[in-house]
Amino acid sequence: MCGIVGYIGDNKACPFLVTGLQRLEYRGYDSAGVATLQQSNGIRLTKVSGRVAELESAIDDRIGQGSLGIGHTRWATHGAANQVNAHPHSGGAGILSLAHNGVIENYESLKLELQNNGYQFVSETDSEVVAHLIADCLKEAAGDEIAPQDCVEAVQAAIARLRGTYGLVIIFRDFDDLLIAARCGSPLVIGVGKNEQFVASDTSPLVGFTDKIVYLADHQLALIRKDNIQVLHRDEGRVRPDIQTLSSETVDVNLEGYPHYMLKEIYEQPQSITNALRGRIDYDNATAKFGGLNLTTQQLRSVKRILLTGCGTSWHSALVGEYLMEELARIPVEVEYASELRYRNPPTDHETIVFGITQSGETADTLAALREMKRKGHHTLAICNVIGSSIAQEADGGVYLHAGPEVGVASTKAFTSQLTVLSMLALYFGRLHHLSFEAGSRIISEMEKLPELVEQTLGCHEQVREIATRYQESDNFLYLGRRFNFPTALEGALKLKEISYIHAEGYPAAEMKHGPIALVDENTPSVFIVPQGTVYEKVLSNLQEVKARGGPVIALTDHVDPQVTKLADDVIQIPQTQDFLQPIIASIPLQLLSYEIALLRGCDVDKPRNLAKSVTVE
Ligand code: AGP
């Protein structure tokens with residue numbers, strides 16, 4: 001949920017620290033700070049309660065000269081989003097400084113113990129407790145004569161007492177040639193340079209600085225010097241750093257002329273869907289093909305139940321996946337919120353496989369749920385966008401989206417790519433069982449049209465912008481759809497609420513008469529997803545029920561029917577496609593509607609309040 005960086009080398013630290021924090025700001029942007037060390041002039045620290053841009057202006061020569069440093073951009077978990085609680089935090093009267101990503105669950109008892117030992121706290125954070133705990137362990141171990149090895153042992157002793165999650169970067173006042181990084185539950189990657197080393201929460205800060213990387217695993221600690229890296233595992237001792245090459249997909253993301261990342265990513269969807277399809281269509285057998293499921297065809301054929309889990313938008317993808325798998329493959333599917341699955345302990349048998357759906361591959365709830373299901377012996381698969389992410393590494397296999405970095409906090413292209421992958425998986429499982437060659441071929445030809453259909457759908461942008469002007473002051477919205485478009489309605493509602501702060505709810509359209517229709521009045525717009533199909537007439541009658549109560553209606557339909565144009569206040573026409581692919585098409589106008597309304601309301605579209613792109617805390 002926070003972004004952390006570290007640098008040690010021949011160059012000044014701040015250029016990497018600031019660039020790295022800018023690229024990690026999507027992980028949290030309540031406050032930011034850097035700490036650097038230049039020879040033994042003591043640790044220099046500056047931090048702001050604001051964005052990295054403000055931090056950059058606050059950096060002066062005192063800070064800028066250091067060639068060892070750490071940095072942090074925060075999503076507040078413990079303590080308000082202010083300067084005092086901003087990282088880095090100092091420990092033991094300035095003997096060290098650290099930046100932390102994660103949540104320490106036993107920080108209160110540790111804080112009390114340290115206060116009884118005379119430590120003074122200035123912040124409300126759990127991270128400052130870690131800083132003083134390391135200092136306390138150092139004092140215990142080495143007294144006043146401190147050697148670098150004492151620092152390592154002090155960190156090891158301190159983290160052994162922590163319960164919870166951490167990604168840590170730590171520098172020590174007396175040693176300008178030592179940077180320590182440690183990981184448990186929050187991601188950390190080391191960039192290997194020539195006489196310089198980099199540390200970051202993910203690979204995006206490393207682009208342009210190095211293409212050699214080492215992923216730290218849980219319970220690993222790295223002693224980083226400018227010309228070498230040692231990795232120690234809590235139980236296994238010294239381990240050889242596994243140096244990998246940075247994926248070419250981890251490109252240096254920039255706006256490319258768009259005003260916001262979210263808009264750029266909405267318009268990238270024809271390409272991202274093309275990427276999701278690329279190389280995965282098996283024309284000769286009218287099916288799909290995947291390289292990373294790591295199960296034999298026989299094993300896949302024997303799958304009797306599929307469990308899909310995720311959070312937020314990824315959970316909505318899972319709901320669409322349920323309809324897809326059950327309709328095309330006739331395999332029973334369970335969908336679980338990852339945060340529930342971990343503790344709900346549902347009865348499952350050995351013929352159930354589990355898919356974790358996640359854009360970032362770092363969502364703590366999804367990671368924990370997959371670990372639990374793996375522990376119970378299930379084959380776990382990740383549908384993920386970030387190559388080498390924690391979930392991608394820990395799952396038994398999976399499918400990458402290849403959507404390219406998604407920076408906007410509101411997920412858009414990842415959602416439609418997740419649905420594209422789930423459609424191909426449904427085709428694959430269907431063709432293992434009852435789907436005929438002809439049926440498979442028809443599905444493939446429909447899927448191949450998707451990029452073009454999405455391109456066409458983007459043409460509604462001007463109309464959506466005009467509609468947005470009329471509804472920007474609304475306080476409540478309803479989103480309604482049936483079958484495949486019930487999850488689409490949920491996703492449309494989430495988009496609106498998370499970037500425009502308007503309360504919005506999604507429902508199966510038929511549910512309106514069981515309570516929600518009481519909410520309908522002239523100030524509560526309802527968005528109906530009402531394409532042609534088996535339930536068209538039913539949704540139309542639900543639309544009439546809302547209209548009869550004076551509620552404004554925005555209708556998304558693929559067939560301009562006089563009934564719809566007569567009833568709806570606005571009709572957005574979308575291209576026709578098979579019902580199981582409609583969520584991909586219908587979500588485009590909903591993404592644009594939320595974007596345009598949020599803009600009109602002056603909201604920060606890419607970094608909405610209270611949110612972060614990757615939720616790495618439970
Ligand atoms: C979606 O717009 C939100 N940003 C959020 O719900 C997100 O989908 C959720 O946090 C899951 O993230 P993940 O896909 O990276 O696991």
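Going by the structure above, here's the rest.
Residues numbered from 1 in each chain as written. Predicted model: local features only at pLDDT ≥ 70, side-chain atom pairs only at ≥ 80, totals over all residues. Heavy atoms only, no water.

(A) Seen up close, the site of the ligand. Taken together, the neighbourhood of the ligand is formed by 15 residues, with S314, S360, T363, V409 and E498 sitting nearest. In the model, an oxygen atom of the ligand is placed 2.8 Å from a nitrogen or oxygen of the S411 main chain. Contact between the ligand and E498: an oxygen atom at 2.4 Å from a side-chain N or O atom of the residue. Broken down by secondary-structure element, the contributors of at least two residues to the shell around the ligand are α10 (312-329) and α18 (485-500). When its residues are assigned to classes, the shell around the ligand shows 5 nonpolar, 8 polar and 2 charged. (Near = heavy atom within 4 Å. Polar contact = N/O pair within 3.5 Å; in protein donor to acceptor, adjacent residues only side chain to side chain. Helix = DSSP H or I, 4+ residues; strand = E, 2+ residues; numbered from the N terminus. Nonpolar A, V, L, I, M, F, W, Y, C, P; charged D, E, K, R; others polar.)

(B) View of helix α5 (residues 127-142). Taking 1.5 Å of rise per residue, 16 residues should cover 22 Å, and α5 covers 23 Å from first to last C-alpha, within 8% of that figure. Of all 16 residues in α5, 13 are buried; the element is thus mostly enclosed. Two residues or fewer past α5, G143 is found with a positive phi of approximately 65°. (Expected span 1.5 Å × (residues − 1). Buried < 20%, exposed > 50% of the residue type's maximum accessible area, 1.4 Å probe, protein only.)

(C) Structural detail: the state of the cysteines. Evaluated as defined, the whole model comprises 0 disulfides. In this structure C184 is a free cysteine whose sulfur lies 16 Å from that of C2, the closest cysteine sulfur available. (Disulfide = S-S within 2.5 Å.)

(D) Just the environment of L168, in detail. When you line up the elements, L168 lands in strand β7 (residues 166-172). Its relative accessible area of 0% is what places L168 among the buried residues. Sequence-wise, L168 and T210 are 42 residues apart; in three dimensions their C-alpha atoms are separated by 21 Å. If we skip the residues at most four places from it in the chain, L168 touches I4, L98, A99, H100, V130, I159, I180, A181, A182 and L188. (Contact = heavy atoms within 4.5 Å.)

(E) Inspection of the pattern of salt bridges at higher detail. Tallied over the full model, the rule gives 29 salt bridges. One salt bridge in this structure joins R483 and E327, with 3.4 Å as the shortest N-O distance. With a gap of 156 residues between them, R483 in the loop between β23 (476-481) and α18 and E327 in helix α10 connect regions that are remote in the sequence. By relative accessible area, which is 26% here, R483 ends up partly exposed. Assessed through its relative accessible area of 33%, E327 is described here as partly exposed. One continuous salt-bridge network, built from bridges that share partners, spans R183, D218, R371 and E394. (Salt bridge = Lys/Arg side-chain N within 4 Å of Asp/Glu carboxyl O.)

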